[in-house]
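Observations on chain architecture
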Amino acid sequence: MNKNILLCVSGGIAVYKAVALVSKLSQAGANVKVIMTTSARQFVNPLSFQVMSKNDVYFDTFDEKESSVIAHIDLADWADLILVAPATANIIGKIANGIADDMVTTTLLATTAPVWIAPAMNVHMYDHPAVKRNLDRLATDGYQFIEPSEGFLACGYVGKGRLEEPEKITALVTAFFSQQVKPLIGRTVIVTVGALHVPLDDQHIISPQANGAIGQALANEARMLGAHVIQIENSNLYDVIEQLEAYKIQYPQSLFIHAANVPSIKETPTVSVEGINAVTFGQKVHGKPMISILSDSWIDFSEKAQLNGQFLDTRNPKFFAQTLWSHIIKDEEQ
Ligand SMILES: Cc1cc2nc3c(=O)[nH]c(=O)nc-3n(C[C@H](O)[C@H](O)[C@H](O)COP(=O)(O)O)c2cc1C
């Protein structure tokens, strides 16, 4: 990734996860520097972050380590992206109100880099009108959020408030920078979305149920990455097979993402992926796809999918699409 990520860590129980986040970001090729609030240091010793990031850890605005620069301005300018993770209710309130009374908040006011905030707190804190008001204000000010997930919270409650997993945050960061590069400029991506039907006779068709969420997310993400996208939905599968053969000739370098569900009856014709780089989702095809993904049920309704032995969460289509595109692009580069 070779980008500078500044991680601002505030004082919640999830600080330990921020240590894993530094490790994951570094493994993904990022240069990571860390600022901690005074409260964050109650949870984890700065040494852990220093070791993981291989950089000094900052927590005191007035501890100027280098005489040639002012540390908070230098860090604010150095960062390509700033993550506030975990973000406490307190730090969210301070940023929303332009307060700059510690190293984290002062640096955040001084930066022009994008800032992503990953709230983590007790579910009642997260639902509190004051916190909601502050989050709304931050959204208006252009901050992005990594929403907390639901589950068991350290305070004993079950609900929304868990810091998103370090792997997921790292994948979002990686996808963000690869989108900036727009690696699919000049490429045509053909995506089947939702359900493709097979006619049984003149008046009847058979079609699986599908909401198209995954195919749509993959098509949207491909557009974000710069691709020319041809989206095929609610079509007769025989027509799609014919169209695909024509597209293979018209766009010889295209990528085919077969995300639509097809009926599983014996009359179902088979798509050929010969001569095209294809990604399939368990459909029977002629030829060998570049990537074949298996899910626990039809992809639109699944919870997880297996890719090269690795499980990917499919409950958030956008996140799944970003992760899958980074795999496809990496696969093609090899
Ligand atoms: C054990 C413990 C766990 C805490 N966990 C959280 C938390 O997950 N989220 C949060 O917003 N505050 C949490 N707090 C409260 C914050 O530490 C407190 O509001 C502090 O002032 C935050 O300071 P900071 O935002 O400068 O880091 C916790 C406090 C304690 C003692």
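Residues numbered from 1 in each chain as written. Predicted model: local features only at pLDDT ≥ 70, side-chain atom pairs only at ≥ 80, totals over all residues.

**Regarding the overall build of the protein**
Of regular secondary structure, the protein possesses 12 helices and 20 strands. By its C-alpha atoms, the protein is 75 × 45 × 35 Å across when sized along the principal axes. Relative to its full complement of 334 residues, the protein shows a buried share of 42%. (Helix = DSSP H or I, 4+ residues; strand = E, 2+ residues; numbered from the N terminus. Buried ≥ 20, exposed ≤ 12 C-beta atoms within 10 Å, placed from the backbone.)

**Some details on the domain arrangement of the protein**
Looking at the assigned domains, one finds that the protein contains domain 1 (4-177) and domain 2 (182-333). Taking only C-alpha atoms, the centre of domain 1 and the centre of domain 2 are 36 Å apart. Contacts between the two partners involve five residues from domain 1, matched on the other side by four residues from domain 2. For the side of domain 1 that touches domain 2, the per-class residue count stands at three nonpolar, one polar and one charged. (Domains from an automatic or database assignment. Contact = placed C-beta atoms within 7 Å. Nonpolar A, V, L, I, M, F, W, Y, C, P; charged D, E, K, R; others polar.)

**What about the sheet that holds strand β17 (residues 291-292)?**
In space, the five strands of this open sheet follow the order β12-β9-β13-β15-β17, with parallel pairing throughout. Among the strands making up the open sheet, the edge pair consists of β12 (228-233) and β17. Where strand β9 (residues 188-193) meets strand β13 (residues 255-258), four bridges bridge the pair, whose relative direction is parallel. Paired with I190 across the strands is F256, a residue of β13. Helix-sheet contacts for helix α10 (residues 213-224) involve β9, β12 and β13, and the interaxial angle to β9 is about 165°. (Pairing = 2+ DSSP bridges. Axes fitted to C-alpha atoms, helices over the stretch in contact; angles between N-to-C directions.)

**A few points about the site of the ligand**
The ligand sits among 15 residues. The nearest are G11, G12, T37, S39 and T88. Ranked by residues supplied to the shell around the ligand, first place goes to helix α5 (residues 89-96) with three residues. Broken down by class, the residue content of the shell around the ligand amounts to eight nonpolar, seven polar and no charged. (Near = placed C-beta within 6 Å.)

**A closer look at unusual backbone geometry**
A cis amide bond links A85 with the next residue in sequence, P86, at an omega value of -5°. With respect to the element layout, P86 can be found in strand β4 (residues 81-87). Positive phi, normally seen in glycine, also occurs at N2, with a value near 50°. Turning to its location among the elements, N2 is positioned in the segment before β1 (4-9). We classify N2 as exposed; it has 9 C-beta atoms within 10 Å.

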